Amino acid sequence: MSVTITGFETHGDGTDAMNTDCDYSSAYVTLKTSSDLVGHGMTFTIGRGNDIVCAAIKEVASRLIGKNTEELFANMGKTWEYLCSDPQLRWIGPEKGVIHIATGAVNNALWDMFARSRKKPLWKLVVDMTPEELVNAATFRYITDALTKEEALAMLKAKAASKAEREANVRQVGYPAYVTSAGWLGYSDEKVARLTKEAVQAGFNHFKMKVGANQESDLRRGKIIRSIIDDPQYLPPGKKPRDPNGPDLVGKNAGPTGSVLMIDANQVWDVPQAIDYVKGLQEIKPWFIEEPTAPDDILGHAAIRKALKPYGIGVATGEHAHNRMVFKQLLQAEAIDVCQIDSCRLAGVSEVLSVLLMAAKFGVPVCPHAGGVGLCEYVIHLSLIDYIAISGSMERNVLEFVDHLHEHFIHPCSINTNGRYNVPDHPDEGYSIEMRKESIERFEWPRGSYWVNEHAEAKKRALGSA
């Protein structure tokens, strides 16, 4: 029986140096069909503006009404281009800003539906594709000066024969992860130390710290973290230090236990400021500085990378890179050492595939951003696709893990005792982003019970004590 898309519904549900007033939120969409098949997608926001994204999602999703699902699934790259091709909606982008992240939510929902229809997790759906099918699932418009379809096809064919071996390996050991839990600004030194020790005990060996508000404070906090992660006494029982000069750690400024520290400025500096500030943190030996300046400033990132290279400090960015063209330029300009895709800042899986392919061609490791609602659930799929089907590498890659808000999802991600993501494996989880109905009912803005009751009461109490 032919299945068509019949409708959709939308729902709107620590600090760093830039985003100091966060209200973690998501713009959530469910695509419905003439059968029981559905697809869930979302994009992450930090509060105000979430309703604007929901309005944009409705405009994009309406383009799918009446479409045959199998025809859409047959060429997901072509489907992605269709979603982006409304001339009036394109005018308020094009391919950037609110309309682009709304497209990401819809494209992710369609991919979720595709995976559910085949009874596979999203990552498994994609890695089981032939090289030709995977190329057709990506988008190449505006990037063929960096990567052609023919080049991508050749890359995928070269990795195809060994996919099963890599899949078996990652199922056994898990995908490498890192934590930011101890590194948020505003934590006391005691809390930083406690959380760092807990993260080491949980098996993690890559740690990220927020910087940019005060250099003296950053240096002090960094030394606290280093004093713990570099000391073998804090390792879990029976766990030996890793070789800091091994192939997975060389060039990362790993300490004597093989632990790595990264720092993240969340875009607070101009280019000269970034260079001077990070030079002042060389004592804590970070692997890279993340988002040192404006996310669209390709040449600025290149200048920072060039200036910091003699100090052994790399540059990472991508969390706010709004489309594949920004990544193309970052890679062409040799502006980054680490590529940090975001699963819903880019416009869904099809555009992400394009960036993964470009990064693999340029030999730059992909370490996705995952610090928000549902992002950890999303990006483990993308990292698995990268490792198994595209780059063939994961030991120099690490995927961000933030231990909050997973309870709101039907199929939450999980971490093993070695600080690695477990592989999602439920046949009905799709892209792992389906939210629990009770969470939607409680937190949907502004009608959810949390906003009507709990938040309203807390606001009254706060006003009463003012």
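Our subject in this report is the structure included herewith. Please read all numbers here as calculations on a predicted model, not as lab measurements. (Residues numbered from 1 in each chain as written. Predicted model: local features only at pLDDT ≥ 70, side-chain atom pairs only at ≥ 80, totals over all residues. Heavy atoms only, no water.)

When its volume is computed, the largest cavity comes out at roughly 80 Å³. Only α4 (87-91) and α5 (97-117) provide two or more residues apiece to the lining of the largest cavity. Among the elements that line the lining of the largest cavity, the one with the most residues is α5, at 3 residues. Residue classes in the lining of the largest cavity are distributed as 6 nonpolar, 2 polar and 2 charged. (1 Å grid on protein atoms, 1.4 Å probe; cavity = no way out; pocket = protein on both sides within 12 Å on 5 of 7 lines; lining within 4 Å. Points joined across faces, edges and corners; volume = space filled by probe spheres on them. Helix = DSSP H or I, 4+ residues; strand = E, 2+ residues; numbered from the N terminus. Nonpolar A, V, L, I, M, F, W, Y, C, P; charged D, E, K, R; others polar.)

Right, let's get into the nonpolar core. Counting 130 residues, the largest nonpolar core has Trp-111, Ile-289, Ile-341, Leu-353 and Ile-385 as its most contacted members. At 12 residues, the largest contribution of residues to this core is made by helix α16 (residues 375-390). In this structure, Trp-111 is in contact with Met-76, Leu-122, Leu-125, Val-126, Met-129, Ala-137, Val-349, Ser-350 and Leu-353, ignoring residues within four places of it in sequence. Of all hydrophobic cores here, the second largest spans 11 residues; its members include Tyr-178, Val-260, Phe-288 and Val-338. (Core = buried A, V, L, I, M, F, W, Y, C linked by side-chain atoms within 4.5 Å. Buried < 20%, exposed > 50% of the residue type's maximum accessible area, 1.4 Å probe, protein only. Contact = heavy atoms within 4.5 Å.)

As a further point, take the packing of helix α9 (residues 163-173) against α16. Axis separation between α9 and α16 bottoms out at 8 Å; the angle between their running directions is 140°. As judged from the angle between their axes, α9 and α16 are oblique. Taking contact as the criterion, the partners of Lys-163, Arg-166, Glu-167, Asn-169 and Val-170 in α9 are, on α16, Leu-384, Tyr-387, Ile-388 and Ala-389. Here the contact of α9 with α16 is built from residues that sort into 5 nonpolar, 1 polar and 3 charged. (Axes fitted to C-alpha atoms, helices over the stretch in contact; angles between N-to-C directions. Parallel < 35°, antiparallel > 145°, perpendicular 65-115°, else oblique.)

Pairing within the open sheet is antiparallel, and its 3 strands lie in the order β1-β2-β3. Every other strand in the sheet has two partners, leaving β1 (5-12) and β3 (38-45) as the edge strands with one partner each. Averaged over neighbouring strand pairs, the angle between their axes works out to 15° when direction is ignored. In this structure, β1 lies alongside strand β2 (residues 25-33), joined through 7 bridges in antiparallel fashion. Of the residues in β2, the one forming a bridge with Gly-12 is Ala-27. Helix-sheet contacts for α5 involve β1, β2 and β3, and the interaxial angle to β3 is about 150°. (Pairing = 2+ DSSP bridges.)

Now for helix α11 (residues 215-229). For α11, spanning 15 residues, the distance from its first C-alpha to its last is 21 Å, which sits close to the expected 21 Å at 1.5 Å a residue. Along α11, the residues classified as buried are Ser-217, Asp-218, Leu-219, Arg-221, Gly-222, Ile-224, Ile-225, Arg-226, Ile-228 and Ile-229. Where α11 is buried, its residues contact α10 (189-201), β5 (206-210), β6 (260-264) and α12 (271-279). Its side-chain oxygen 3.1 Å from the backbone nitrogen of Glu-216, Asn-214 forms the N-cap of α11. (Expected span 1.5 Å × (residues − 1). Polar contact = N/O pair within 3.5 Å; in protein donor to acceptor, adjacent residues only side chain to side chain.)

A separate point is the pairing of strand β8 (residues 314-317). Alternating residues of β8 divide into Gly-314 and Ala-316 and Val-315 and Thr-317, and every residue in both groups is buried. In this sheet, β8 lies alongside strand β7 (residues 288-290) in parallel orientation, the contact comprising 3 bridges. Considered in β8, the bridge of Phe-288 is made with Gly-314. Taking the sense of rotation as the criterion, the β-α-β connection linking β7, helix α13 (residues 298-308) and β8 turns out right-handed. Crossover handedness for the path β8 to helix α14 (residues 324-332) to strand β9 (residues 338-339): right-handed. (Right-handed = clockwise from strand over helix to strand, strands pointing away.)

Okay, the pairing of β6 next. Within β6, 5 of the 5 residues are buried, which leaves it mostly tucked inside the rest of the structure. The alternating pattern of β6 places Val-260, Met-262 and Asp-264 on one face and Leu-261 and Ile-263 on the opposite face, and all of these are buried. Here β5 runs beside β6; their pairing, made up of 5 bridges, is parallel. Bridged to Phe-207 within β6 is Leu-261. Following the backbone out of β5, through α11 and into the adjacent parallel β6, one traces a crossover that is right-handed. As judged from the 2 bridges shared by β6 and β7, these two strands associate in the parallel manner. Bridging from a neighbouring strand, Ile-263 pairs with Ile-289 of β7.

Before going further, it helps to spend a moment on the packing of aromatic side chains. In this description, an aromatic ring pair is defined by two values, namely the gap between the centres and the angle between the planes. Counted under the stated rule, the structure contains 11 aromatic pairs. Between Trp-287 and Phe-288, the ring centres sit 4.9 Å apart and the planes meet at 50°, which makes this aromatic pair tilted. Under the relative-accessibility criterion, Trp-287 is labelled buried at 6%. Overall, the relative accessible area of 1% leaves Phe-288 in the buried class. (Phe/Tyr/Trp six-rings, centres within 6.5 Å; stacked < 30°, edge-to-face > 60°.)

Here the focus is α9. Along α9, the residues classified as buried are Lys-163, Arg-166, Glu-167 and Val-170. Here the buried residues of α9 occupy an arc of 100° about the axis, which is enough to place them on one side. Along α9, the residues that are exposed and aim more than 90 degrees away from the buried face are Ala-164, Glu-165 and Gln-172. The inward-facing, buried residues of α9 abut α6 (122-127), α8 (149-160), β4 (175-179) and α16. Of the residues flanking the end of α9, it is Gly-174, one or two places downstream, whose phi is positive at about 85°. (Arc of directions from axis to C-beta.)

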